[in-house]
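Residues per chain are reported as follows:
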Amino acid sequence: MNAPDTPYPFDAELAAAADRIEPRVLAWRRDFHRNPELGNREVRTAGIVAAHLRALGFDSVQEKVAHTGVVGVLKGGLPGPVVALRADMDALPVSEEVDVPFRSEVRTEWSGQQCGVMHACGHDAHTAILMGVAELLAGMRGRIPGSVKFIFQPAEETPPIGEEGGAKMMVQEGALKNPDAGAIFGLHITSVFPTGMIGYRSGPMMASADDFRIFVRGTQTHAAMPWRGVDPIVVSSQIVLGLQTVVSRRMNVTREPSVVTVGVFQGGVRHNIIPDEVKLEGTIRTFDEEQRNEIHEHVKRIAEMIAESGGAKAKVHIHRWYDVTVNHPGLTEWSVPTLGRIAGEAHVRVIDKLCGAEDFSFFQKEIPGFFYFVGCTPPDRDLRTAAPNHSPRFYVDEACLKIGLRTLSALALDWLSANAR
Ligand SMILES: [Zn+2]
Ligand SMILES: [Zn+2]
């Protein structure tokens, strides 16, 4: 019954449907781009997504998952397993400088400063693509062996300070359960590659991201009489230099790369006063859970011991944000032929590790997951000067949307077909 005559019975239909749906995906993306919303505030976006899934006749549409997330389930007409697809919906506090008719004019206050809101990471494209996939698969649902779970996630760029959110919270609230998904796929558009190119890596692909804050407490005194107090500026300078030895002297660099960066050094108000306290802030990136924990210990010890040696006191706070994005090796190997078939084998490449982080990693901790990149820089543009994701000049060649639509749809269909029994 229903045994496919060819190995990939859906391909021609999928291509035709993608052509038909593409204009709608473009329109959604432009609408989201013009109306960007920050993490945990994606109320309008989520409303449009949920209404769309309902209009398509989804079997269930759950809203307000992890604040503003939407989880929809599309049951196919044939028995089979469950595959999950994920898109993120949040924008960034960035003032747009791209000259497009649908540029964002939205403004907000962020950390006490006025600034714009922009889809500078391309999550508008991700949301529109996944809405397109929903429409495409709903159109052939009678022949789909199993179910597709659509996960529209808020706050990938981290939730606002003091709030929980993002993929971790979606998992906690059961986004992957009931029905239980057996695998998850997701994509990210990037200006690092030309439109048409797809990049991926098996195993660790993107870094874990943690931030640290170090408060170095000295004793305030007159700058002309430093011996009367304890100078936290000099002690903190030594700590910054000490932290340079964590990666260079303590980590086995042949195993995995890692990064420790101090990005904030704050202290003092006047040239002739030695202040009481200095604040350091920074980030830690690793590709290995064990090294991640080792680095946390080294950062803490170096800061505390250097401070002590100078008569000061260091308090170290480390916040664990995102785990390493690890592409399941078996699922990756399985996925690559599908990507090659849809996008052309010459366009699918293994890429270097990226020190950026992704909270897709939290889904991958629960079930096998595969995450890949889709290029979005027009082929006639110089890649070296293309503005990166998060830049106010981040530009999306909309031809990438159809590539995302076709590859995600094909991965879902292929996986269900391969795993249906
Ligand atoms: Zn981003
Ligand atoms: Zn992103």
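Conventions adopted
Residues numbered from 1 in each chain as written. Chains lettered and ligands numbered in written order. Predicted model: local features only at pLDDT ≥ 70, side-chain atom pairs only at ≥ 80, totals over all residues. Heavy atoms only, no water. Donors = N, O, S within 2.8 Å, 3.2 Å for Na, K, Ca; no water. Helix = DSSP H or I, 4+ residues; strand = E, 2+ residues; numbered from the N terminus. Tetrahedral: all angles 85-135°; square planar, octahedral: opposite > 155°, others 65-115°. Phe/Tyr/Trp six-rings, centres within 6.5 Å; stacked < 30°, edge-to-face > 60°. Lys NZ or Arg CZ within 6 Å of the ring centre and 35° of its normal. Axes fitted to C-alpha atoms, helices over the stretch in contact; angles between N-to-C directions. Parallel < 35°, antiparallel > 145°, perpendicular 65-115°, else oblique. Left-handed = near helix turned anticlockwise from the far one by under 90°. Contact = heavy atoms within 4.5 Å. Nonpolar A, V, L, I, M, F, W, Y, C, P; charged D, E, K, R; others polar. Pairing = 2+ DSSP bridges. Expected span 1.5 Å × (residues − 1). Bend = angle between axes of the 7 residues up to and from the residue. Buried < 20%, exposed > 50% of the residue type's maximum accessible area, 1.4 Å probe, protein only. Core = buried A, V, L, I, M, F, W, Y, C linked by side-chain atoms within 4.5 Å.

**Student:** Hey, could you go over the coordination of the zinc ion (ligand 2) for me, with residue numbers and the actual values?
**Tutor:** Looking at the zinc ion (ligand 2), one finds its protein donor set to be Cys121 (SG), His123 (NE2) and His188 (NE2), positioned 2.1 to 2.5 Å from the metal centre. When the donors of the zinc ion (ligand 2) are listed by position in the chain, the intervening gaps give C-x1-H-x64-H. The distance between the zinc ion (ligand 2) and the zinc ion (ligand 1) comes to 3.0 Å, and Cys121 binds to both of them. Highlighted residues: Cys121 in the loop between strand S5 (113–116) and helix H3 (123–138) and His188 in strand S7 (residues 183–194), separated in sequence by 67 residues.

**Student:** Any details on the coordination of the zinc ion (ligand 1)? Residues and values, ideally.
**Tutor:** Binding of the zinc ion (ligand 1) to the protein goes through Cys121 (SG), Glu157 (OE), Glu157 (OE) and His390 (NE2), at separations of 2.0 to 2.8 Å. Metal-centred angles of 51 to 150° between the four donor atoms at the zinc ion (ligand 1) mark the site as irregular.

**Student:** Just give me the short version of the packing of aromatic side chains, but keep the residues and values in it.
**Tutor:** Here the structure, examined in full by the defined rule, presents eight aromatic pairs. Taken together through their ring pairs, the aromatic side chains of Phe360, Phe363, Phe371 and Phe373 make up a single cluster. In this structure, Lys353 is placed above the aromatic ring of Phe287, and the distance from its NZ or CZ to the ring centre is 5.9 Å. The ring centre of Tyr395 lies 4.6 Å from the NZ or CZ of Arg381, which sits over that ring.

**Student:** Give me the lowdown on the packing of helix H7 (residues 329–343) against helix H9 (residues 399–419), citing residues and values where you can.
**Tutor:** Running from N to C, H7 and H9 point in directions that differ by 130°, and their axes come no closer than 10 Å. As summarised for this structure, H7 and H9 are arranged oblique, according to the angle between their axes. Two packed elements cross with a definite hand, and for H7 against H9 that hand is right-handed. Facing Leu331, Trp334, Ser335, Thr338, Leu339, Arg341 and Ile342 of H7, the residues of H9 in contact are Arg406, Thr407, Ala410, Leu411, Asp414, Trp415 and Ala418. Looking at the contact of H7 with H9 residue by residue, the classes come out as eight nonpolar, three polar and three charged.

**Student:** Which residues make up the sheet that holds strand S10 (residues 208–217), and what values do they have?
**Tutor:** On the basis of which strands lie adjacent, the open sheet formed by four strands has the order S12-S14-S10-S15 and antiparallel pairing. Each end of this open sheet is capped by a strand with a single partner; those strands are strand S12 (258–267) and strand S15 (313–322). Neighbour-to-neighbour, the strand axes of this sheet turn through a mean angle of 15°, independent of strand direction. Pairing of S12 with strand S14 (residues 277–286), which is carried by nine bridges, proceeds in the antiparallel orientation. Counted as the bridge partner of Val262 is Gly282 from S14. Lying over the sheet, helix H5 (residues 232–250) contacts S10, S12 and S14, oriented at roughly 170° with respect to S12. Contacting S10, S12, S14 and S15, helix H6 (residues 289–309) crosses the sheet at an angle of about 160° to S15.

**Student:** Now, about H7: what can you tell me, with residues and values included?
**Tutor:** In this model, H7 (15 residues) spans 21 Å end to end at C-alpha, consistent with the 21 Å of a helix rising 1.5 Å per residue. Along H7, the largest kink reaches about 25° and is centred on Ser335; proline Pro337 follows within four residues of it. Every buried residue of H7 is accounted for by Leu331, Thr332, Ser335, Thr338, Leu339, Gly340, Ile342 and Ala343. Positioned one or two residues after H7, Gly344 has a phi angle of 95°, which is positive.

**Student:** So, the nonpolar core: which residues are in play, and what are the values?
**Tutor:** In this structure, Leu137, Phe150, Phe152 and Tyr372 are the most contacted members of the largest nonpolar core, which totals 72 residues. Counting residues per element, this core draws most heavily on H9, which supplies eleven residues. Beyond its immediate chain neighbours, meaning those up to four positions away, Phe150 contacts Phe58, Val70, Val71, Gly72, Leu74, Leu85, Leu130, Val133, Ala134 and Leu137. Counting residues in each nonpolar core, the second largest holds 26 residues, with Ala181, Phe193, Met206 and Phe363 among its members.

**Student:** Summarise the packing of H3 against H9; cite the residues concerned and give the values.
**Tutor:** At a closest axis distance of 9 Å, the pairing of H3 and H9 adopts a crossing angle of 50°. Considering their axes alone, H3 and H9 lie oblique with respect to each other. In terms of crossing hand, the pair formed by H3 and H9 is right-handed. Contact residues: Ala125, Ile129, Leu130, Gly132, Val133, Leu136 and Leu137 in H3; Leu401, Gly404, Leu405, Leu408, Ser409, Ala412 and Leu413 in H9.

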